Structures are given as C-alpha cells and as structure tokens.
Protein chains: 2
Amino acid sequence: MAKKNAFYAQSGGVTAVINASACGLIETARKHKDIIGKVYAGRNGIIGALTEDLIDTGKESDADIAALRYTPSGAFGSCRYKLKSLEANKREYERLIAIFKAHNIGYFFYNGGGDSADTCFKISQLSESLSYPLQAIHVPKTIDNDLPITDCCPGFGSVAKYVAVSTLEASFDVKSMAKTSTKIFVLEVMGRHAGWIAAAGGLLVDHDIPVVILFPEVVFDQKKFLAKVDANVMKFGYCTVVVSEGCHYPDGKFLAEQGTTDAFGHAQLGGAAPVVANIIKEALGYKFHWAVSDYLQRSARHIASKTDVKQAYQLGRAAVELALKGSNAVMPTIQRLSDVPYKYRIGVADLKDVANVEKFMPKDFISRDGFGITEKCRRYLLPLIQGEDYPKYVDGLPQYVTLKNIAVPKKLAAFKV
Amino acid sequence: MAKKNAFYAQSGGVTAVINASACGLIETARKHKDIIGKVYAGRNGIIGALTEDLIDTGKESDADIAALRYTPSGAFGSCRYKLKSLEANKREYERLIAIFKAHNIGYFFYNGGGDSADTCFKISQLSESLSYPLQAIHVPKTIDNDLPITDCCPGFGSVAKYVAVSTLEASFDVKSMAKTSTKIFVLEVMGRHAGWIAAAGGLLVDHDIPVVILFPEVVFDQKKFLAKVDANVMKFGYCTVVVSEGCHYPDGKFLAEQGTTDAFGHAQLGGAAPVVANIIKEALGYKFHWAVSDYLQRSARHIASKTDVKQAYQLGRAAVELALKGSNAVMPTIQRLSDVPYKYRIGVADLKDVANVEKFMPKDFISRDGFGITEKCRRYLLPLIQGEDYPKYVDGLPQYVTLKNIAVPKKLAAFKV
C-alpha cells in the first residue's frame, strides 16, 4: 500500500469518551507509519478541513495522546455543521477533496453521529465520482445511542451511568427529606427523540427506588402521569421523575420547547424539568426540586463507564484496522453476543445502511404503563454502565489533557465557509 | 458516669457526608457502651423525637454502620422543622425532655446547620431550667459552609469538589463546541446567601478556563457582567458562568425567585441559570446551555472529597468524645493550622456563639471585579476538595446502604406535631 496521510475529525455534540476513540485511532495509526503517514485532525471538526485548518497530531507526545483516553470533550474541537446535499453544495465537497489531495490524505475518519455518518458516506461517494481514491470510515459516537446496526454507541454508556448514579443519589436525598419537605425530584436528561438516556433511570428499580420515566417515545399523558406519581408518593413517601428533553405533548410540542433550532435544524431543547415539577405541584401540591444536568451528563468523564471507554477506544482502533484492510464507506460497530455474561465483538456496517437512520427504543423495552423499562431493556442497559475508569487527580481535580494542537502549514487559497 | 442512652438526629438539607458523621458518632459510642448505652436516632430528625419515633441503631450491624461512611443523604431521615422560641412553644421543648426522660437519654446529638445549632442550644438551656441533666452537642453539617467559628463545615468540601469537577468538565465541552455552536455555559449552584459553593468554580483559573462567578455577596450588575462575559468570549472563544442561587438584583430580588418559602421561612430558590443565560443571549446573541445541578451537587457521594468525608467522620467521633468528657452546649469544629501543607485539628465552640450566626465569604476572598476569587480564597478552598474516596460499586452503581431502621417501642402517649 502506498503511504498516505489520514484526516480525523470530531463532529456534533462531544462526549465523555470521544477522545478515547481519538486515542485508539491515533495510537493504532502510529503503529503503522509505513502505511499511514501523518494523522491530521480537523480543528473544530469538518470546518477545519474546509478552511484547511489542520492539526498535526504527530506533534503531540505519546503521553498526551494516551491521556486523551481519560479526557472528556473533543480535544481538537468539534462543530455543528452539516454539509448540504451534493447537488446543493458541490463546492464544499470539492473543496474537501482538494484539501485531501493537497495534503496527500487517503484516509478520512469521521467521528460522530447520524448526520456525520451521512456526510462520511457522501464523501466516499464523491471520491469515487471524482476518481480521487479515499477510504472514508465513520467512527460512531453519540450519547443519544440512536445509530442503527451497532448494538450501542460510544458516549451512551457513560451518560447512562451518570444518569443512573445521579438519580440514585438524588433519590436517596429526597427520601431523607420527604417527611416534611421535598417529595418530588425531577431530573431532566438529554437524548433528543430517543429515550435511551432516560431509560437509565429505570435501573434503579433494582434499588427499590420509585422512578417514573417520561420517554420521547411515549406521548405525555398528564392524567396518567400524575396518578403514577401520586401512587408512588403514597407508597414510598416520595417520587423521582426522569424526563427526557424530547418528551412531548400529544400535539407534538415539546414540554421543553424554547423555540430555537441548531445548525442541523433540530429544535434546541432544555427546560422540561421545571415544567414537569410545576405540573405536579399544581395538581398534587407536593414540594419539588428539579435539576437539569445538560452538558454535565455528557462530559462527566469522572464517572464514565469503563465498558464505554473501552469500546470507544476499540472502535477508534478498529477504524484504522478497517482502513488498513482497504475498507471504504464503513463504520465499525459493537456486536453484542450475550447479555450475561456480557460478550461482544467488533463488527462492521456499511455506511449506506447507517446514514440518516435513527434507532428508537424498541417498544418491548418500555413497560406497559409507559413509565418504566422492561427486564429486556434492563438486560440491555446493565452491561453498558459496568465498571469505573477514574481519571488521575491532581490537587483535587481530574487531570485532563489540553493538546498543543499545532497547525499544519496551509497549501491552498482561503475558502469561505 | 452513670450509663445513659443517646439521641442522634439529622436536620435540614442532607449532604454527601452527613452519614459519615453518623458513622463516626455511632462507631465511637459503640466503643463506650459502659457509658453510652443505646444510640437512638430520630426518624426524620427532631420530628422523630417529638413523635417518639425513635430508631434503635443498635439493631444495625457493624458493617451497615461502617457503610454509612460511603452513603449520601440522611440514613435516618432528616426534616425541615424549626422549633419555635421557648416562649412561643414551650410545649414542644417539654415534650422533648419527656421523651428523653422516658428513654433514659442523657446525650442529645444534633447534626445540622445554623438553625439546628440554635435548637440544640435551646434544648441545653431548657434541660438546665427543668433540671433534667442532658448534654446537648451539635455536630456541624451544611453544604452552605456558613457556620461560624469552624473553619469549614462537613458537606461543603464535597459540593465544592462536585462543582469544580463539573464546571471543569462542562467547560471542556463548551470549548469543543464554541466555534460553531454553544459559547456560553451557565451552571447554577446552591449556597443560599453565602457564595462558598459558587467560589469553587474559581479554582478553574488554575486550568486556564474562563469562569465568571455570580456571588450572593455581590449585587448583580448586569452591564458589568455582560462586559466580562463578552471579554472572555473574545479572548477564549467561550465563557462559563457559575451562578449562586442566592444571586440578587440591587433591589434584593433573587434572579431565581419563585415566590415560595420553606419551613424555616427561607425563600425557596432555583432557576437563576436560565435567567442568566437568557440575559446573555439577548444582549450578546451567544448560543448557550445551562444546567441546574440542585440535589445532584449535595448528594454526589460518588465524587466526594476525601478530606470532607474524613472531617465529617472525625466531627461525629469528636461529638461523642466531648460527651464523654462531660461537655454541654458545644460543637466540635475544624481548626485550620496551615494551608500548605494542609493541617487542622478538632476544636470546640460554645453553641451560644454558633446559633443563628451566618458566615459569609470574607470580602478579601472575592476578586476586585466581583466575578472571581482571590489567591487567599484559593488557598482556603483547595485543601477542602483534596482526595477521592470512592464508594464500592456493584453492577455499575454505587453500593449505598439502606438501614433497617427498627423502631424503639413507644412509652408515652401520642403527640401532635
């Protein structure tokens, strides 16, 4: 194989473990310098490719690359920037190919969710139609866990663990206070249209904690919800509610609706928790507390799932291994072999089957009343939150790495994004 | 000394380490069974004493009592219930003495904040005036860190660590996204009228992270605040804001005001973060995310400060040691001897000097512009977040103990609270 450079970019919302994928990818590439010359990272994702703002990861020490495994967020910067269709904006795709050509890039690694898988697929198609040889490989990443084919997505297990741990702790708190004070605790979690993250709250039934979950997949039925909450307060003295940001009314309006949208045209959510808390207060009169964990949940590397970190690393490594095998337009996946004991292997999916497909919670993962999870869901989730993988601490705080991120000299004219 | 039983109760908002104090107290009492017979705990705090709902902690195994050290929340239940003045409600105080007499209780241990110190002091006075011999000892506990005399309060160090770690992680996240998306992250924290918890965000200057703190001690100056945030975005590309729930406008109105009050007559706060985020959005146009960590911050035993856990345990132990020495109307304290290396010893304060005194942030702990902390504050805070003290995990979740909490048979007629 002729020696080519690689391009790697992080895309969309970052996670506690996306850097672990970067770590797996770069460390593996460094072992094959005869085939993969340099690994260039896009500063702020694909924007870095369009503007020729490339980072030479070769300038980072082995120790700093290894530290990525323990560092949350996107070490090279990410972005919310969706390339339009090939027809609508061929200019951008052609620019990408020009950049790749100028920097002798033969491998395109894109680390992101559904939208990024679509971009990655388009780039692989374009390289064919322009006869520029490029292997485009997608590395899955999304806390929303909504990519198809792969059993789970790196980033999700750690958020699930954060949500389960936090809900457990806050429930212990409310239980202590319930006699004379707070009886209701509402935690709002992310996940957009998929209830995977909210489902993690359901793992607390093993701990005899009354948790009512509001899934995006289940239309909000206020009367039924209030009856469920009240029944819990009667039985346990308190009730915890985990509400997904994507929870919505029968007319489709989000409980959290703020009226703004992000670059991908998705509604920007946040604020369902106070809405739900007030609904309970008004109908049942119970004193409440609520929390919106927002970015805290997805950046909480301090309580990341060891399973998740390991898989993120393995998928980064697998992406390079697929490249070395000559694969194109693919994504390494997690293939679950068994729940107990948990066994999985690294598989591979064609990007055409991944792009723009959202995986929702299966119907049989949600309990009949719509407010909890089934045993099947529990068996699915439990392996994903297993194990702790603590970062090192210095002076009371986790020692997260900030890379040097040294730019590669530009070769082309400027380009307006 | 004649053998007497002890009464222990948890009061007010619970913390990640109040059970560590209970652990220190009960384990130490168990070593002196010749003097302290039984340790009875009030179910749901002082309410349990008034209603003769006592828990026999002697029915708990040594292992379960030891596990309290790793379990957040109040294992016996807490309450927000402030006894009125002796003049206004002598009936309740007399009931307490009747309960203590009926159960041969000679030691009253009250584990709480400023209001509880006041109750504890009143009870010690009453026991004198009623000639019922009782040693009343207060064990400090409050995440707000606002008790006088003691250098710090158990519960605070762990919240400070949670806030510093969470703000660090979320700031890494925002930094990754800032190029095309979120530039502002706002985290709301507790602390009521004292900015101690918010101050923990200031420890991130060591990590070159732009954090603007809104203290309750500094009147909110919108214009100056916006200029500071904008300057950070210009310099760093993003800005993190830590806002205390007690932050208020010049007219005294809280940013978070919801119009409700708790049993102690304090305004119930929550919701400053979205207010601050929207102020920034409207004036500067930056995309924001916000989080309200609420109970998560004070129950986060999974990331508790080792220093805090140790001190909570030591103060519980010290309370028993003070009792054995015959002390009354006192509170064991943390006396700091040096910052670097951190050294302290256990001291003792008279309750008359503690009750109803709130300790605010000293002026020289807040930076001149009002949005950060000084080096002096940093030296104060840093030792308190040192060390990790992880709980054991089983099946991906912390193994927190739930006690049996077996009731002591009642001896008196019912009493209406």
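Residues numbered from 1 in each chain as written. Chains lettered and ligands numbered in written order. Predicted model: local features only at pLDDT ≥ 70, side-chain atom pairs only at ≥ 80, totals over all residues. Heavy atoms only, no water.

- The name an unreviewed UniProt entry assigns to chain A is Pyrophosphate--fructose 6-phosphate 1-phosphotransferase, from the organism Glaciimonas immobilis.
- For the record of chain A, the UniProt heading Pathway (unreviewed entry) holds the text "Carbohydrate degradation; glycolysis; D-glyceraldehyde 3-phosphate and glycerone phosphate from D-glucose: step 3/4." (UniProt positions renumbered as here; feature names shortened; annotations may be inferred.)

Describing the packing of helix H1 (residues 18–30) of chain A against helix H11 (residues 306–324) of chain A
Residues and elements named next belong to chain A.
Here comes step 1: Contact geometry of H1 with H11 gives a least axis separation of 7 Å together with a crossing angle of 40°. In terms of orientation, H1 and H11 fall into the oblique class. Of the two elements, H1 crosses H11, and the hand of that crossing is right-handed. Touching Ala20, Ser21, Cys23, Gly24, Leu25, Glu27, Thr28 and Ala29 of H1 are Val309, Ala312, Tyr313, Gly316, Arg317, Ala319 and Val320, all from H11.
Here comes step 2: Its residues placed into classes, the contact of H1 with H11 shows nine nonpolar, four polar and two charged. (Axes fitted to C-alpha atoms, helices over the stretch in contact; angles between N-to-C directions. Helix = DSSP H or I, 4+ residues; strand = E, 2+ residues; numbered from the N terminus. Parallel < 35°, antiparallel > 145°, perpendicular 65-115°, else oblique. Left-handed = near helix turned anticlockwise from the far one by under 90°. Contact = heavy atoms within 4.5 Å. Nonpolar A, V, L, I, M, F, W, Y, C, P; charged D, E, K, R; others polar.)

With respect to the nonpolar core
Here comes step 1: Phe109 of chain A together with Phe109 of chain B are the most contacted members of the largest nonpolar core, which has 171 residues in total.
Here comes step 2: Not counting residues within four places of it along the chain, the set of residues in contact with phenylalanine 109 of chain A comprises Ala6, Phe7, Tyr8, Ala9, Leu25, Ile137, Ala319, Val320 and Ala323 of chain A.
Here comes step 3: Among the nonpolar cores identified, the runner-up in size contains 52 residues, and Cys239 and Cys247 of chain A together with Ala272 and Tyr286 of chain B belong to it. (Core = buried A, V, L, I, M, F, W, Y, C linked by side-chain atoms within 4.5 Å. Buried < 20%, exposed > 50% of the residue type's maximum accessible area, 1.4 Å probe, protein only.)

Observations concerning the packing of helix H4 (residues 90–102) of chain B against helix H5 (residues 114–129) of chain B
A pair of packed helices can be characterised by two numbers: the angle between their axes and the separation between those axes.
Residue and element names in this part refer to chain B.
Here comes step 1: Remark: H4 packs on H5, axes separated minimally by 10 Å, with the N-to-C direction vectors making an angle of 70°. Judged by the angle between their axes, H4 and H5 are roughly perpendicular. Together, Lys90, Tyr93, Glu94, Leu96, Ile97 and Phe100 of H4 and Lys122, Ile123, Leu126 and Ser127 of H5 make up the contact between the two elements.
Here comes step 2: Broken down by class, the residue content of the contact of H4 with H5 amounts to six nonpolar, one polar and three charged.

Regarding the pairing of strand S10 (residues 330–338) of chain A
All names here are of chain A.
Here comes step 1: Where S10 meets strand S11 (residues 343–350), eight bridges bridge the pair, whose relative direction is antiparallel. By the bridge assignment for S11, isoleucine 334 is matched with isoleucine 346.
Here comes step 2: In textbook terms, the turn of a hairpin is the stretch between consecutive antiparallel strands, and for S10 and S11 this stretch comprises four residues. (Pairing = 2+ DSSP bridges.)

Looking at the UniProt feature "site: Important for catalytic activity" (unreviewed entry) in chain A
Residues and elements named next belong to chain A.
Here comes step 1: Under the UniProt annotation, the feature "site: Important for catalytic activity" (unreviewed entry) is placed at Lys141.
Here comes step 2: Among the secondary structure elements, lysine 141 is positioned in the loop between strand S5 (135–140) and helix H6 (156–177).
Here comes step 3: Those residues in contact with lysine 141 that sit more than four places away from it in its chain are Ser11, Gly12, Gly13, Thr15, Ile18, Asn111, Gly112, Gly113, Leu147 and Pro154.
Here comes step 4: From its side chain, lysine 141 meets the backbone oxygen of glycine 13 in a polar contact 2.6 Å long. (Polar contact = N/O pair within 3.5 Å; in protein donor to acceptor, adjacent residues only side chain to side chain.)

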